[in-house]
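Structure assessment
Each chain is listed here by its residues.
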Amino acid sequence: MKKLITAFVGSMVLTAAPVALSAEATKELKMAYDADPVTLDIHEQLSGGMLQLSHMTFDPLVRWTSDLKFEPRLAKSWERIDENTMRFELREGVKFHSGNQLTSKDVKFTLERLKQSPDYKAIFQPFSELKVIDDYTFELVTKEPYPLLLNTATYIFPMDSEFYSGKTESGESKSAITKHGNSFASENMSGTGPYIIRDRQQGVRVEFERFDDYWDTESPGNVGKITLTPIKENNTRVSALLSGGVDFIAPVPPTDLERIKRDEDSSLVTMSGTRIILFHMNQERVEAFKNPKVRQAIAYAINQEGIAAKIMKGFATPAAQMSPRGYQGFNESLTPRFDVAKAQALMKEAGYEDGFTITMMAPNNRYVNDDKIAQAVAAMLARINIKVDLKTLPKAQYWPEYDNRAADMMMIGWHADTEDSANFFEFLTFCPNAETGAGQYNAGKYCNPELDALVNQANVETDRDKRAAMLQEVEQRLYEDAAFIPLHWQDLAWASKENVKIEPVLNVMNFPYLGDLVVE
Amino acid sequence: MLAFLVQRISQAFLVMFVISVIAFAIQDGLGDPLQQMVGMSVSQEEREALRDELGLNDSVVVQYLRFAGNALQGDLGNSYFYSKPTLEVIAEHLPATLELVIGASLIIVVFSVPIGVYSAIRPQAWLSKFFMGISTVGISIPVFLTAIMLIQLFSIGVTVSAFPEDTGWGQWLNDFFSTEGGLPSYGRGDELTHLFGTWESGFFSESGLMHLVLPSVSLASIMLPLFIRLIRAEMMEVLQSDYIRYARAKGLSAGRINFLHALKNTMLPVITVGGVQIGIMVAYTILTETVFQWPGVGLMFLEAITRSDIPLIVAYLMVVGLIFVITNTLVDLIYGLVNPTVKLTGKKA
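In every chain, residue numbers begin from 1 and rise along the written sequence. Labels follow written order: the first chain is A, the first ligand is 1, and so on. Under the rules for a predicted model, residues below a pLDDT of 70 receive no local features and side-chain atom pairs below 80 are neither given nor counted, while totals for whole chains, interfaces and linings still include all residues. Note that the side-chain values use all heavy atoms of the structure and ignore hydrogens as well as water.

All names here are of chain A. Following DSSP output, two strands are said to pair if at least two bridges run between them. We count a stretch as a helix when DSSP gives it H or I for four or more residues in a row; a strand needs E for two or more, and each element gets its number in order from the N terminus. Taken in spatial order, the four strands of this open sheet run β4-β5-β7-β6, and their pairing is antiparallel. Of all the strands in the sheet, the pair left with one neighbour each is β4 (75-82) and β6 (127-134). On average, each strand axis in the sheet is tilted by 20° relative to the strand beside it, whichever way the strands run. Any pair of residues with heavy atoms lying within 4.5 Å of one another is described as a contacting pair. All axes are obtained by fitting lines to C-alpha atoms, using only the stretch in contact for helices, and the reported angles, taken between N-to-C directions, cover 0 to 180 degrees. In the packing of helix α3 (residues 104-114) onto the sheet, contacts are made with β5 (85-90), β6 and β7 (137-142), and the angle to β6 comes to roughly 170°.

See the structure below:
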């Protein structure tokens, strides 16, 4: 592994002509995350960790700003030619780590590769083709009008087509994506990003070095070397920061927020996140859940604000819908509706005054405080005479149970890969359909074809305002129907040494743009 | 001797076989490895296709036979997470664990023998009572708690200001209880010396040794009290025996009696227990390595469990089983050398 990378870096130094550094990238940064990249192939897995790596070693066509707007990166500009086509102008003079120049054919290669990736396939399914107009102009064509074209373009990190083409010594295609076993791309890398991987020992550390020929000479980033150490244990990660062993850590566990705030040498940044935590009520398993009154009673019985304040220690934003603020579907008027008296009255109306017994399952190491949240919800349900038989499991065992819909109420956390409301509905509230894959994680078996149709309509509506109105209406009706029990959006937290200015490079997607990081 | 070894080797095979069967039997309870390999939004169809590719849809028996066939040729499969042969992954992580165990063992040997012997010879001395008291505390604190306290004290540092600062003694006490911190709290550092194969050693650089301090102390904290108590108890018993009394009557010097005649016999049971405890220490390394992010097999195993990396879990269990068999065999051999009255096999004397 090490040898391969060194060999690659060696050959790269020979081919790339030395050019003056953009900013004086002389600072060193030591950071600790809860995990390190699984692979070097950015298309092998769609996960927060892999996107973080992508932003360090590659650049997307466009990227999100901290207030969820688009910022041009490798695409200089774009314009809609017709309903189904968007034309992009590519930045000129961008070099890959291998020394090759970035042109439209690299983007085409990347899109084709994304469509092969099991993890990205679904996201790129709306795209029919990429038309290369010239070296620096191309058109993205979708099958139908697609409002999320730019959202999706944030996932296009152009890869070096020349570098990833051809065969390896053992005769395997260099562009192959393998989930298990080694592929060329999982051990070698050539992107356009601010950092090159100099050394990598899986599970121990990854060392990044600033790319001398990085195109973005206006980037204020001045970090020349980054060492990423995975520290899985929360306590140890915080200790590493407090003892000065590392300069930057994420995530910060809620129990240690105060401790870091009190430390004079450290600074803490928190942000309301976009991952919704919710409970599904399985209507197929429990007859009573078919009755909207019972579901509403449960919605009234749950104190989201209490959970956010007491269990999450203020480290969560109470939710009454799935879309977080900033998403098109976010509906300002929907607020948590905690009211036990009302809940009891609704149970009585529905004829379940004496309550019933249900089973509940939640993971105990997937989301922040997941098992404690489940216990609190169970206790709240006891007040409307619903007796809960709760079981919490480690995530490795939980998901198979989830796939089997093994309990009457099940917890899930969801982050929309497209940073868009429709994604929530498609996976969590659409009528489950094994053939189309709709409602894949709808463990409530809630089914309202009318709403599904509305979402599908929104998905081909390119007018932003009209689309937002449609999605907000869906949220409204799901709320009235109490289709599920939303709890909160988990907050995000990062902490660093005082001299590491992380705030400007952070965002709700949780991939800090470390290329722009300034260390004083 | 040869018969003994042959017997042990066949036992080792039996142990390996049983472990592999058990590991395979419980794998359904270990979770779905696919979950860790693909994103949440990947469709069921894609998952099924991958499952087929990995052979996870075959029956457990078919999977086991395939595994056993490969295992007989020395191939324990590929880790899902590392995408490499599991034995290679273990070989990469094993040196870190061995160094941790060596560090802890050194601490145990250096402290347990003198303290144990001293408190056996002078059971009534206040120092003996102090050591006994401390060892009771040490044995009852869980290893991860010790580790967290050590990190707070010696890595982050604590400032005590409970005593009045304006008085000389208060100032002194404050300083006495405050610690500077500064010892590394995670990992092995980046100044490792390559010895051979996959062995990167931390024993040859200051940074490497510093990184070793806290984890070794934590790991030793659970075993050290046990050994002190064991040595003390054995020694006291030996001191009561006839041959010691006879030596005393003969007028031998106390030093000669204690350290030449008594200590030798004291060490016999200590070696047996020690051998078994080193095996148990491998289990405790899991906790220590997790707290200190020590990149050894313990941490690797724990992560393999959270990732449902079944081939790696099975391989780890088999390797650990093998280590147990080997250490026990070695202990028996050493025991035979130290105590000539012990016969290794049941053959006629």
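Should a side-chain nitrogen of Lys or Arg be within 4 Å of a carboxyl oxygen of Asp or Glu, the pair is scored as a salt bridge. As enumerated under the stated definition, the model contains 31 salt bridges over all chains in all. Here R467 of chain A and D420 of chain A are joined by a salt bridge, their closest N and O atoms 2.9 Å apart. Of the two residues, R467 of chain A is situated in helix α14 (residues 464-481) and D420 of chain A in the loop between β16 (409-414) and α12 (421-428); the sequence distance between them amounts to 47 residues. As far as the burial class goes, R467 of chain A and D420 of chain A line up, both buried. Measuring nitrogen to oxygen at the nearest pair gives 3.3 Å for the salt bridge that ties R307 of chain B to E303 of chain B. Each residue gets one of three labels from its accessible area relative to the maximum for its type: buried under 20%, exposed over 50%, partly exposed in between, using a 1.4 Å probe on protein chains only.

All names here are of chain A. An automatic or database domain assignment supplies the start and end points of every domain. Assigned domains of chain A: these are domain 1 (6-251 + 498-519) and domain 2 (272-491). Averaged C-alpha coordinates put domain 1 and domain 2 at centres separated by 34 Å. Across the boundary between the two partners, domain 1 contributes 15 residues, which contact 15 residues of domain 2. Simply put, the buried area is the total loss of 1.4 Å probe accessible area from both parts when two parts are fitted together. For the pair domain 1 and domain 2, the summed buried surface comes to about 1200 Å²; carbon and sulfur atoms form 61% of the total.

As annotated in UniProt, the feature "domain: ABC transmembrane type-1" (unreviewed entry) corresponds to residues 94-335 of chain B in the numbering used here. Helix makes up 76% of residues 94-335 of chain B and strand makes up 3%, while its end C-alpha atoms are separated by 27 Å. UniProt positions are given in the numbering used here, feature names are shortened, and annotations may be inferred rather than shown by experiment.

Here the focus is the domain arrangement of chain B. All names here are of chain B. By the assigned domains, chain B splits into domain 1 (13-75) and domain 2 (87-338). Opposite the 14 residues of domain 1 that make contact, domain 2 presents 13 residues. Of the roughly 1100 Å² buried between domain 1 and domain 2 on both sides combined, carbon and sulfur atoms contribute 80%. Here a polar contact is recorded for every N or O atom pair within 3.5 Å, except that within protein the pair must consist of a potential hydrogen donor and a potential acceptor, and residues adjacent in sequence are included only if both atoms are side-chain atoms. The interface formed by domain 1 and domain 2 includes zero residue pairs in polar contact (both at pLDDT 80 or more). Put simply, the parts of the chain that give the side of domain 1 that touches domain 2 at least two residues each are α1 (2-26) and α2 (33-37). The element contributing the most residues to the side of domain 1 that touches domain 2 is α1, with six residues. Side-chain classes are defined by residue name, with Ala, Val, Leu, Ile, Met, Phe, Trp, Tyr, Cys and Pro counting as nonpolar, Asp, Glu, Lys and Arg as charged, and the others, Gly among them, as polar. Of the residues assigned to the side of domain 1 that touches domain 2, the class counts are eight nonpolar, five polar and one charged.

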